[in-house]
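The lines below spell out each chain.
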Amino acid sequence: LGRKLNAALSSLNRIPVVDEKVLDTLLKEVCAALLESDINVKLVSQLRQKVRTKVKAAFESGGEKVKEANRKNIVQKAVFDELVNLVDPGIDPYKPKKGYSNVIMAVGLQGNGKTTTCTKLAVHYQKRGFKSSIVCADTFRAGAFDQTRQSATKAKVAYFGSYTETDPVTIAAQGVAKFKKEKFEVIIVDTSGRHKQESELFEEMRQIGNAGQAAEAQSRAFKESADFGAIIVTKMDGHAKGGGAISAVAATKTPIIFLGTGEHLTDLDRFSPQPFISKLLGLGDVQGLMEHMQDLATQNPDRQKEMAKKLEEGKLSIRDWREQIQNVMNLGPISKIASMIPGLPQDLLQGSDEEGALRMKRMIYITDSMSSEELDSDGSLFMEFAKDGKPIGLTWRVSRVARGSGTTVREVEELLCQYRMMANMAKQAGGKNGWLQAMQKVQ
Ligand code: GDP
Ligand code: MG
């Protein structure tokens, strides 16, 4: 879905004149991509209508004076904003309160990832200072309590359950009462997620062959039987990337709070509409990246804030950049982090995570051989300039660094090139008039 939407939006850049016909063609492509991901027809036609109205109003308000480049921006931004609206029901997402016993119940189809997600959630809240616990009220699945016990133990989270009690309501009541008494602030109740009398309903869902429509039917059915306040979309690392999330929000008008992105305990990402669409379109997710980094650097949040500011202002030195690369290396699999970095050179993403890590290590070796002065520079020390300011070549410093780091001149050159690209891009994206700012501005 993301690739198709991005292709449609980028096609505008090759068209000299943006008129109504171009807009219609673009909207056709966008809508086709959405429909293909099984997003409700009504929703798609609403989006088309809204974009058209918005674009027309913007074109007309500027009269003939709306410049070509601007017209493209207007169209791209209108589509982007409407995509964001699809996953934004306009309701503040759920937040547990400190000092209270916040009880959270997980509902969803069997195998959807509830038990896994319960532990991820407990870990997430525990990290943020909430005393957290899990109650296993799944008496339907054999071994459910063992599963909870194992993952909760691994995560160092308190848990409650029973091998003998067969009534889920009784277990839930006991567990919640116990943890409330013990002043737990987050109490997560894991359920089997299905009830016998609903079996017909679930059979019906199963028969709806494809994933996107199923997401909509499931969400609506669950919303009707258990009025939930927040959605967690699991298995976002799988292939059904955006469609399910969009359908779930549309069918229930309920905000998504997290995305499950893998089988590990830390594979839980906070959801926000704009970065989600940005990432879906392959535009990166600077905000998400910063959040990840802040998570990592909780021991030094001020430094990260400073970094973000420097990045936005285009003042990131090689030394800062190297620190960020090191941070990224500590964050986990490069493939996951890489998708958050806008415009990252594709070759850095190629190959396995091990290869990516190795490439980053070599980048660190290279910077290790730079002097303090060089590290604090913006890279221009490595270049020779003509009188008119045009770069004409590299200085002796490059071969010195190559020799010192046991790499080649070519590799050092490449590193400098990547740094320049990053710095320029960050400036363009983050600067006052950058598209990132324009798109992420909350309206
Ligand atoms: P439940 O029946 O709803 O409780 O589902 P489980 O938590 O037992 O998960 C079912 C399977 O999905 C397990 O093998 C999990 O490891 C896997 N799983 C859960 N969440 C994710 C996720 O976000 N990504 C991936 N790839 N697998 C997941
Ligand atoms: Mg389960």
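Residues numbered from 1 in each chain as written. Chains lettered and ligands numbered in written order. Predicted model: local features only at pLDDT ≥ 70, side-chain atom pairs only at ≥ 80, totals over all residues.

An unreviewed UniProt entry annotates the protein chain as Signal recognition particle protein of Russula earlei.

Asker: How should the sheet that holds strand S4 (residues 186-191) be read in this particular structure?
Answerer: In a beta sheet, neighbouring strands pair by backbone hydrogen bonds and run either parallel or antiparallel. Taking strand neighbours across the sheet as the criterion, the four strands line up as S1-S4-S2-S3 in an open arrangement whose pairing is parallel. Since the sheet does not close on itself, it has two edges, and those belong to strand S1 (102-106) and strand S3 (158-160), each with one partner. Between one strand axis and the next, the sheet turns through 20 degrees on average, direction left out of account. In the sheet, strand S2 (residues 132-137) pairs with S3 via three bridges, with the strands oriented parallel. Each bridged residue has a counterpart across the sheet, and for Val135 the counterpart in S3 is Phe160. Contacts between helix H6 (residues 144-155) and the sheet are confined to S2, S3 and S4, with S2 contributing the most and set at about 165 degrees to the helix. Where helix H7 (residues 168-181) meets the sheet, its contacts fall on S1, S2, S3 and S4, and the angle it forms with S2 comes to roughly 165 degrees. (Pairing = 2+ DSSP bridges. Helix = DSSP H or I, 4+ residues; strand = E, 2+ residues; numbered from the N terminus. Axes fitted to C-alpha atoms, helices over the stretch in contact; angles between N-to-C directions. Contact = placed C-beta atoms within 7 Å.)

Asker: Would you mind going over the site of ligand 1 with me for this structure?
Answerer: Close to ligand 1 lie 18 residues, the nearest being Gly113, Lys114, Thr115, Thr116 and Gly260. When residues in the shell around ligand 1 are grouped by element, the largest group, three residues, is from helix H5 (residues 114-127). The class makeup of the residues in the shell around ligand 1 is no nonpolar, 13 polar and five charged. (Near = placed C-beta within 6 Å. Nonpolar A, V, L, I, M, F, W, Y, C, P; charged D, E, K, R; others polar.)

Asker: Looking at this structure, I do not really get the pairing of strand S9 (residues 391-394). What am I missing?
Answerer: Strand residues, when the strand is regular, have side chains that alternate between the two faces of the sheet. As paired strands, strand S8 (residues 383-385) and S9 are joined by three bridges and run antiparallel to one another. Across the sheet, residue Glu384 finds its bridge partner in S9, namely Gly393. Counted along the chain from S8 to the antiparallel partner S9, the turn is five residues long, and its residue Gly389 has a positive phi close to 90 degrees.

Asker: Help me understand the sheet that holds strand S5 (residues 231-233) in this model?
Answerer: With mixed pairing, the three strands of this open sheet are ordered in space as S5-S6-S7. Looking at the sheet topology across the chains shown, the edges are occupied by S5 and strand S7 (268-270). Neighbour to neighbour, the strand axes of the sheet diverge by 25 degrees on average, direction disregarded. Across three bridges, strand S6 (residues 256-260) lies against S7 in antiparallel orientation. Paired with Phe258 across the strands is Arg270, a residue of S7.

Asker: Would you take a moment to explain unusual backbone geometry for this structure?
Answerer: The general pattern is negative phi for most residues beyond glycine and trans for most peptide bonds. One non-glycine residue, Lys156, lies in the positive phi region at around 60 degrees. Tracing the chain through its elements places Lys156 in the loop between H6 and S3. The backbone of Lys183 shows a phi angle near 60 degrees, a positive value even though the residue is not glycine. One can find Lys183 in the loop between H7 and S4.

Asker: Sorry, what's going on with the pairing of S4 here?
Answerer: Burial analysis of S4 places six of its six residues in the buried class, which makes it a mostly covered element. Along S4, one buried face is formed by Val186, Ile188 and Asp190 and the opposite face, lined by Ile187, Val189 and Thr191, is buried too. Judged from the five bridges that link them, S1 and S4 form a sheet pairing that is parallel. Paired with Val103 across the strands is Ile187, a residue of S4. In the sheet, S2 pairs with S4 via six bridges, with the strands oriented parallel. What sits directly across from Ile134, in S4, is Ile188. (Buried ≥ 20, exposed ≤ 12 C-beta atoms within 10 Å, placed from the backbone.)

Asker: I would appreciate a short explanation of helix H3 (residues 41-61) in the present structure.
Answerer: Two residues of an α-helix separated by three or four positions point the same way, owing to the 3.6 residues in each turn. Over its 21 residues, H3 runs 30 Å from end to end, which matches the ideal 30 Å to within 8%, given 1.5 Å per residue. Inspection of H3 places Val44, Leu47, Val51 and Val55 among the buried residues, and these make up the whole buried set. Viewed end-on, H3 has its buried residues packed into an arc of 55 degrees, placing them on one side of the element. Facing away from the buried side of H3, by more than 90 degrees, are the exposed residues Lys42, Ser45, Gln49, Thr53, Ala57, Glu60 and Ser61. (Expected span 1.5 Å × (residues − 1). Arc of directions from axis to C-beta.)

Asker: Would you mind going over H5 with me for this structure?
Answerer: Counted at 1.5 Å a residue, the expected span for H5 with its 14 residues is 20 Å, and the 20 Å between its end C-alpha atoms agrees. Those residues of H5 lying buried are Lys114, Thr115, Thr116, Thr117, Cys118, Thr119, Lys120, Leu121, Ala122, Val123, His124 and Tyr125.

Asker: For this particular structure, what's the right way to read the packing of helix H1 (residues 2-11) against helix H2 (residues 20-36)?
Answerer: The relative placement of two packed helices is expressed as an angle between their axes plus a distance between the axes. Contact pair H1 / H2: the axes reach a minimum separation of 9 Å and the direction vectors enclose 175 degrees. Looking at the two axes, H1 sits roughly antiparallel to H2. Contact residues: Lys4, Leu5 and Ala8 in H1; Leu26, Glu29, Val30 and Ala33 in H2. (Parallel < 35°, antiparallel > 145°, perpendicular 65-115°, else oblique.)

Asker: What should I look at first to understand the confidence of the model for the protein chain in this one?
Answerer: When pLDDT drops low, the exact placement of atoms in the prediction is not to be read closely. Mean pLDDT for the protein chain: 80, with 77% of residues reaching 70 or above. Averaged pLDDT values for the elements of the protein chain fall to 42 in helix H21 (residues 435-440) and rise to 97 in S3. Counted against residues more than four places away or in other chains, residues 433-443, with its pLDDT under 50, gives twelve contacts. Model confidence for the complex is summarised by a pTM of 0.67, with the ipTM given as 0.99. (pLDDT = per-residue confidence, 0-100.)

Asker: Any chance you could explain the environment of Leu23 here in plain terms?
Answerer: With respect to the helices, strands and loops of the structure, Leu23 is situated in helix H2. The class for Leu23 is buried, based on 21 C-beta atoms found within 10 Å. For the pair formed by Leu23 and Leu12, sequence separation is eleven residues and the distance between their alpha carbons is 8.9 Å.

Asker: Help me out: how do you make sense of the packing of H5 against H6 in this one?
Answerer: Following both chains from N to C, one finds H5 and H6 inclined at 25 degrees, their axes separated by 10 Å at the closest point. Comparing the axis directions of H5 and H6 gives the class roughly parallel. Between H5 and H6 lies a crossing of right-handed hand. Residues Thr115, Thr119, Ala122 and Val123 of H5 pack against Gln147, Thr148, Ser151, Ala152 and Ala155 of H6. Here the residues of the contact of H5 with H6 sort into four nonpolar, five polar and no charged. (Left-handed = near helix turned anticlockwise from the far one by under 90°.)

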